[in-house]
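Secondary and tertiary structure notes
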Amino acid sequence: ARAELMKMEKMEIVSQLAASISHEIRNPLTVVKGFIQLLQTGPLPRETEERYIRIALEELERAEAIIRDYLTFAKPAPKETEPIDVAIQLQKVLQMIAPMAHMHSVSLSSSLDHGIVIGNVQYFQQCFLNLFKNSIEAMPNGGTLRVTAEHRGTAVVITVSDNGVGMTKEQVRRYGEPYFSTKEKGTGLGAMVAVKIIEQMGGTWNIESAVQKGTTLTITLPASRVQPPTAERNAPG
Ligand code: ADP
Ligand code: MG
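Source: prediction; values computed, not measured.

1. Observations regarding the nonpolar core
Counting residues in hydrophobic clusters, the biggest one holds 48 residues, and the most contacted among them are Leu90, Phe124, Phe128, Phe132, Leu145 and Ile158. Elements with a minimum of two residues in this core: helix 1 (2-40), helix 2 (46-71), helix 3 (86-103), helix 4 (121-137), strand 4 (143-152), strand 5 (155-162), helix 6 (190-200) and strand 7 (214-222). Among the elements that make up this core, the one with the highest residue count is helix 4 (nine residues).

Structure follows, in structure tokens:
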């Protein structure tokens, strides 16, 4: 019965994420629709037209950013949960963000144990993509994004650290709160999605940050002894 209950809770969070994304996307789409309808009503001064078009494009960009924070890895029919080799999946996400890191003069450093956790691979990747992106964005003048994974008895401990702009106490307190963003074009959803995914996997997280020094996120996930399917281990990319 307990397992059933836990499964239900997991399902609930999954459908919550799905429900919130459609909600989040609807707002910018409504704005775009409104401005296109205004453009349709008749001749407007060129300047007004240009302004409406700019707003519509900005809102579309926002919708795109929201989709990136929620659904970069979404598949039509995601498996619910499976054993995940954290080293393999973290390596994949690191590879994926390598071009972005390069563009920001950020070097990547990692030390990854082959710990196994139970979760949904797509969500796991989404979680760390969001955390890595935030770290890179916190280092506008370059730096190092360091990722470690350590198998410690019944837990797998993952750390994500950067030597970026860091956060104030107040910002740390608000970390993971929906819509909290200090960025001009931020969604304020990336950290919330990451935190929800960690909690959904039965994990805990802790954040340590100092302004102009950097930020370290420590994520502790329950370790599993089930081996992931070999196909997953050998999967390219
Ligand atoms: P967004 O990245 O769109 O602003 P997030 O939810 O991903 O939204 O992050 C929320 C806020 O948390 C960011 O705007 C930033 O202020 C802060 N933040 C998150 N990660 C870091 C980090 N590694 N270093 C400094 N600040 C961070
Ligand atoms: Mg972000």
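2. Focus on the packing of helix 2 against helix 4
Each pair of packed helices can be summarised by the angle the axes make with each other and by the distance between the axes. Between helix 2 and helix 4, whose axes approach to 8 Å, the crossing angle comes to 125°. Here helix 4 runs oblique to helix 2, going by the angle between their axes. Listed contacts from helix 4 to Arg68, Asp69, Tyr70 and Leu71 of helix 2 are Gln126, Asn130 and Lys133.

3. Notes on the site of ligand 1
Around ligand 1 lies a shell of 19 residues, among which Asn134, Ser181, Thr182, Lys183 and Thr187 are the nearest. Contacts to ligand 1 include lysine 183, whose side-chain N or O atom sits 2.7 Å from an oxygen atom. Protein contact buries 94% of the 540 Å² of open area that ligand 1 shows by itself. No other element matches the three residues that helix 4 contributes to the shell around ligand 1. Of the residues belonging to the shell around ligand 1, the class tally is six nonpolar, ten polar and three charged.

4. Topic: the pattern of salt bridges
A side chain of one charge can pair with a side chain of the opposite charge if their charged atoms are brought near each other. All chains considered together, the criterion is met by eight salt bridges. Where arginine 152 meets glutamate 150, a salt bridge forms, and the shortest distance between an N and an O atom there is 3.3 Å. With its nearest N and O atoms 2.7 Å apart, the salt bridge here joins arginine 174 to glutamate 177. Connected through shared salt-bridge partners, Arg46, Glu49 and Glu50 make up one network.

5. A word on unusual backbone geometry
One non-glycine residue, serine 105, lies in positive phi territory at about 55°. Considering the arrangement of structural elements, one finds serine 105 in the loop between helix 3 and strand 2 (106-112). Judged by its relative accessible area of 53%, serine 105 falls in the exposed class. Its identity as a non-glycine residue notwithstanding, tyrosine 179 has a phi of 70°, on the positive side. Examined against the element boundaries, tyrosine 179 turns out to sit in the loop between helix 5 (169-174) and helix 6.

6. Remarks on the sheet that holds strand 5
Strand order across the open sheet formed by five strands is 2-4-5-7-6, with mixed pairing between neighbours. Strands at the two margins of the open sheet, each flanked by one partner only, are strand 2 and strand 6 (204-210). The average undirected angle you get between the axes of adjacent strands in this sheet is 10°. Alignment of strand 5 against strand 7, held across eight bridges, turns out to be antiparallel. By the bridge assignment, valine 157 is partnered in strand 7 with threonine 220. Packing against the sheet, helix 4 makes contact with strand 2, strand 4, strand 5 and strand 7, and its axis sits at approximately 25° to strand 5. Contacting strand 6 and strand 7, helix 6 crosses the sheet at an angle of about 145° to strand 6.

7. Re the packing of helix 3 against helix 4
Running from N to C, helix 3 and helix 4 point in directions that differ by 40°, and their axes come no closer than 9 Å. With respect to helix 4, the element helix 3 is oriented oblique. With respect to the hand of their crossing, helix 3 and helix 4 are arranged in right-handed fashion. Facing Val86, Gln89, Leu90, Lys92, Val93, Leu94, Ile97, Met100 and Ala101 of helix 3, the residues of helix 4 in contact are Val121, Phe124, Gln125, Phe128, Leu129, Phe132, Lys133, Ile136 and Glu137.

The rules we used
- Residues numbered from 1 in each chain as written.
- Chains lettered and ligands numbered in written order.
- Predicted model: local features only at pLDDT ≥ 70, side-chain atom pairs only at ≥ 80, totals over all residues.
- Heavy atoms only, no water.
- Core = buried A, V, L, I, M, F, W, Y, C linked by side-chain atoms within 4.5 Å.
- Buried < 20%, exposed > 50% of the residue type's maximum accessible area, 1.4 Å probe, protein only.
- Helix = DSSP H or I, 4+ residues; strand = E, 2+ residues; numbered from the N terminus.
- Axes fitted to C-alpha atoms, helices over the stretch in contact; angles between N-to-C directions.
- Parallel < 35°, antiparallel > 145°, perpendicular 65-115°, else oblique.
- Contact = heavy atoms within 4.5 Å.
- Near = heavy atom within 4 Å.
- Polar contact = N/O pair within 3.5 Å; in protein donor to acceptor, adjacent residues only side chain to side chain.
- Areas by Shrake-Rupley, 256 points an atom, 1.4 Å probe, with all protein chains shown as cover.
- Nonpolar A, V, L, I, M, F, W, Y, C, P; charged D, E, K, R; others polar.
- Salt bridge = Lys/Arg side-chain N within 4 Å of Asp/Glu carboxyl O.
- Pairing = 2+ DSSP bridges.
- Left-handed = near helix turned anticlockwise from the far one by under 90°.

Spatial relationships are all this shows, so hold off on functional conclusions.
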